Amino acid sequence: MGALISVAIAAFSLVGGVSSATAATTSPTPEQTRPTASLQTTLYYDDSRAAEFKDAVAKGAQSWNDNVNNVTLRRAAPGQRAEITVFASNGWPRAILGPVRPGGSVWIEMGRQAVNQGHDPVRIAAHEFGHSLGLPDVKPGPCSSLMSGSTGGVNCKNATPNAAERARAERNYSFAEAGSAPAAGVTVSDAP
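Scoring rules and cut-offs
Residues numbered from 1 in each chain as written. Predicted model: local features only at pLDDT ≥ 70, side-chain atom pairs only at ≥ 80, totals over all residues. Heavy atoms only, no water. UniProt positions renumbered as here; feature names shortened; annotations may be inferred. Pairing = 2+ DSSP bridges. Helix = DSSP H or I, 4+ residues; strand = E, 2+ residues; numbered from the N terminus. Right-handed = clockwise from strand over helix to strand, strands pointing away. Contact = heavy atoms within 4.5 Å. Disulfide = S-S within 2.5 Å. Salt bridge = Lys/Arg side-chain N within 4 Å of Asp/Glu carboxyl O. Buried < 20%, exposed > 50% of the residue type's maximum accessible area, 1.4 Å probe, protein only.

By the naming in an unreviewed UniProt entry, the chain goes by Extracellular small neutral protease and is assigned to Nocardiopsis rhodophaea. Under the heading Catalytic activity (unreviewed entry), UniProt records this for the chain: "Hydrolyzes proteins with a preference for Tyr or Phe in the P1' position. Has no action on amino-acid p-nitroanilides." Turning to the chain, the UniProt annotation filed under Sequence similarities (unreviewed entry) states: "Belongs to the peptidase M7 family."

Written out as structure tokens, the structure is:
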């Protein structure tokens, strides 16, 4: 009889243990309900060949930094490897479509022709950084769309990504999307 009681106690403990384990998985602890930190990617840009556009490039990068969380654009120190190389040219702005990843390489061309025709250099820089982050052109488009580029008009000074553009950049640098870049590597030109 003592053995039967021991078996019954052991069985009761086992069932109780399963119930406790089940309760623990269905009722999360405060630790389990805390939001997890978002994935943060830092990309470096080299503006050493950006000539007169260095200030516009810094402001274009800051616009993205102020509006997204999953990726940060930082100016590379002299001699430091950068994922994004920015240079000035006499043509129209162009860029390689990303999303570029740490250790990867894309470029941005700040074209004087667009600036000479009246387009805002900060908007151009922010737009081209958008390409580096994997956003294609949205043309034609309104000034409120950063990725509308030159179709926003010469009076458009908007250098801030809209909600859809911010969401796409965040998604491009989220953990789930980190390996996918179906259109990456395409050169996009912002000539009208």
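Caption draft 1: Up close: the pairing of strand β2 (residues 71-75). Here strand β1 (residues 41-49) runs beside β2; their pairing, made up of five bridges, is parallel. Opposite Thr41, over in β2, you have Val71 as the bridge partner. At this point the chain moves from β1, through helix α3 (residues 54-67), to the parallel β2, and the crossover so formed is right-handed.

Caption draft 2: View of the environment of Gln117. Checked against the element boundaries, Gln117 lands in the loop between α4 (112-116) and α5 (121-132). The spatial distance from the C-alpha of Gln117 to the C-alpha of Val154 is 7.5 Å, given a sequence separation of 37 residues. Residue contacts for Gln117: discarding those within four places in its chain leaves Trp92 and Val154.

Caption draft 3: Highlighting the state of the cysteines. Scanning the entire structure with this criterion turns up one disulfide. Here Cys143 engages in a disulfide with Cys156; their sulfurs sit 2.0 Å apart. Here the disulfide of Cys143 and Cys156 is right-handed, its torsion about the S-S bond being about 80 degrees. Separated by 13 residues along the polypeptide, Cys143 in the loop between α5 and α6 (163-172) and Cys156 in the loop between α5 and α6 bring together distant segments of the chain.

Caption draft 4: Focus on the pattern of salt bridges. Inspection of the entire model under this criterion finds four salt bridges. One salt bridge connects Asp47 with Arg75, and the closest N-O pair in it is separated by 3.1 Å. Linking Asp47 in strand β1 with Arg75 in strand β2, this pair joins segments that are 28 residues apart in sequence. Residue class for Asp47 comes out buried when judged on its relative accessible area of 5%. Put simply, Asp55 and Lys59 hold a salt bridge, and the shortest N to O gap is 3.2 Å. With Asp55 and Lys59 both in helix α3, this residue pair falls four residues apart, about one helical turn. Judged by relative accessible area, which is 45%, Lys59 ranks as partly exposed.

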